[in-house]
Amino acid sequence: MTMHEGTDVVVIGGGVTGASVSYALARTGARVICVERSFPAAGASGASFSVDISSRKTPKAFFDLSVAAASEHAALEHQLGVTPWSHPAITLEWGRTAHERTVVRERVQRLRGWGYPAELIDRRAAERLAPAVRFPDDADDQIARYADQAWYDTVVLTQLLLWHAQHHDAQVVVGETVDRIDVTGGRVHGVATVQGRRFVTDIVVDCAGPEADAVARQAGAWLPLEKVPGLVALAPAHAIALDAIVMAPGLNVRPAGDGLLKLHSYQADALIQGDAPD
């Protein structure tokens with residue numbers, strides 16, 4: 001087994017959370033090793049629909065947290081100088097049934113009361129904003145428009161954060177799986193991988209996504225996580241020019257760059273049987 005000495009922190013997981021933690025810690029001068037079992041953003045980070053859904057967050061405290069989190073993308077631009085992962089966009093949402101339309105109207109009313117840029121617009125206004133979308137003929141004054149939102153390329157964000165973490169002397173180890181966290185007297189003192197390496201450290205940050213509970217159990221802890229299966233799909237845009245995030249009944253669609261659209265459906269998610277994939 002190869003010993004790696006002098007490590008302040010081991011971050012387990014190289015998704016967007018692990019990359020963010022690695023960058024933030026390395027930037028303070030900490031000696032960081034980020035261990036990713038596959039490749040950066042290979043798991044949930046790369047398979048997420050990845051849009052700002054602050055408009056859907058309740059209660060108010062959760063909404064405020066979501067808005068503040070979205071604003072951190074702009075703050076990060078001042079640190080990194082670029083934001084190639086962040087794509088500002090409006091969101092258009094409407095319902096099909098009377099109940100769904102009531103939910104949308106009440107959401108807009110709530111958001112306006114909280115000072116968030118939301119309004120109801122008619123079908124013709126929506127068509128001007130997203131001419132590639134066919135809106136229902138009876139949707140007049142029933143379509144919600146949320147401004148100041150965005151979709152995110154989390155793969156690009158993850159890679160960029162890890163690159164900057166390495167610029168601050170962090171090490172990124174890919175293709176290695178942590179299978180043991182050494183604990184004595186309630187304190188961590190090392191991390192070992194299946195591939196035979198051991199990193200000496202007294203601080204471990206568990207950023208393993210859906211596998212975070214399994215990792216925590218290696219240290220005698222546990223996390224109350226539930227794997228929730230979900231499905232996203234990429235489709236060629238062809239001649240479709242879509243700049244907005246669309247939340248239609250039964251289907252969410254957004255641009256994905258490189259001539260692609262990303263699709264997601266909560267209804268389809270509910271039909272998936274078994275555990276979520278790793």
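Everything numeric here is computed off the predicted structure, so don't read it as measured data.

*Asks:* Quick question: what am I supposed to make of the packing of helix α1 (residues 16-27) against helix α5 (residues 154-167) here?
*Replies:* The axes of two packed helices give the description: the angle between them and the distance between them. In the contact formed by α1 and α5, the axes pass within 8 Å of each other and the chain directions differ by 25°. Looking at the two axes, α1 sits roughly parallel to α5. The chirality of how α1 crosses α5 is left-handed. When α1 is examined against α5, the residues Val16, Ala19, Ser20, Ser22, Tyr23 and Ala26 are found in contact with a partner set consisting of Leu157, Thr158, Leu161, Leu162, His164 and Ala165. For the contact of α1 with α5, the per-class residue count stands at 8 nonpolar, 4 polar and no charged.

*Asks:* What should I look at first to understand the layout of surface pockets in this one?
*Replies:* Think of a ball as big as a water molecule: rolled over the atoms, this probe shows where empty space is left. In this model, the largest pocket occupies a volume close to 1,200 Å³. Taken together, 44 residues line the largest pocket, and the ones lying closest to its centre are Gly43, Ala44, Ser45, Gly209 and Pro210. Secondary structure elements with two or more residues in the lining of the largest pocket: α1, β3 (32-36) and α6 (212-217). Ranked by residue count, the leading element in the lining of the largest pocket is α1, at 3 residues. Taken together, 31 residues line the second largest pocket, and the ones lying closest to its centre are Ser66, Ala69, Ala70, His73 and Tyr152. Counting only elements with at least two residues in the lining of the second largest pocket, the list comes to α1, α2 (60-80) and α5. Here the lining of the second largest pocket takes 10 residues from α2, the largest share from any one element. Residues belonging to the lining of the second largest pocket are distributed by class as follows: 18 nonpolar, 9 polar and 4 charged.

*Asks:* What is the right way to look at helix α3 (residues 98-113) in this model?
*Replies:* Along an α-helix, a turn takes 3.6 residues, which lines up residues three or four apart on a common side. The end-to-end C-alpha distance of α3, which contains 16 residues, comes to 23 Å, matching closely the 22 Å that a straight helix rising 1.5 Å per residue would cover. Those residues of α3 not exposed but buried are Arg101, Val104, Arg107, Val108 and Leu111. Across the axial projection of α3, the buried residues extend over an arc of 120°, all falling on one side. The outward face of α3, more than 90 degrees from its buried face, is lined by the exposed residues Ala98, His99, Gln109 and Gly113. For α3, the secondary structure elements touched by its buried residues are α2, β4 (86-93), β5 (118-121) and β6 (143-152). In the segment just after α3, Gly115 is the residue with positive phi, at about 80°.

*Asks:* What should I look at first to understand the pattern of salt bridges in this one?
*Replies:* Pairing between side chains of opposite charge can happen when their charged atoms approach one another. Scanning the model with the defined rule gives 12 salt bridges in all. Ionic pairing is found between Arg123 and Glu127, a salt bridge with its closest N-O pair at 3.1 Å. Of this pair, Arg123 and Glu127 both sit in helix α4 (residues 123-129), 4 residues apart, roughly one helical turn. Across the salt bridge formed by Arg198 and Asp182, the nearest N and O atoms sit 2.7 Å from each other. With Arg198 in strand β10 (residues 197-199) and Asp182 in strand β8 (residues 178-184), the pair connects residues that are 16 residues apart, well separated along the chain.

Rules and cut-offs
Residues numbered from 1 in each chain as written. Predicted model: local features only at pLDDT ≥ 70, side-chain atom pairs only at ≥ 80, totals over all residues. Heavy atoms only, no water. Axes fitted to C-alpha atoms, helices over the stretch in contact; angles between N-to-C directions. Helix = DSSP H or I, 4+ residues; strand = E, 2+ residues; numbered from the N terminus. Parallel < 35°, antiparallel > 145°, perpendicular 65-115°, else oblique. Left-handed = near helix turned anticlockwise from the far one by under 90°. Contact = heavy atoms within 4.5 Å. Nonpolar A, V, L, I, M, F, W, Y, C, P; charged D, E, K, R; others polar. 1 Å grid on protein atoms, 1.4 Å probe; cavity = no way out; pocket = protein on both sides within 12 Å on 5 of 7 lines; lining within 4 Å. Points joined across faces, edges and corners; volume = space filled by probe spheres on them. Expected span 1.5 Å × (residues − 1). Buried < 20%, exposed > 50% of the residue type's maximum accessible area, 1.4 Å probe, protein only. Arc of directions from axis to C-beta. Salt bridge = Lys/Arg side-chain N within 4 Å of Asp/Glu carboxyl O.

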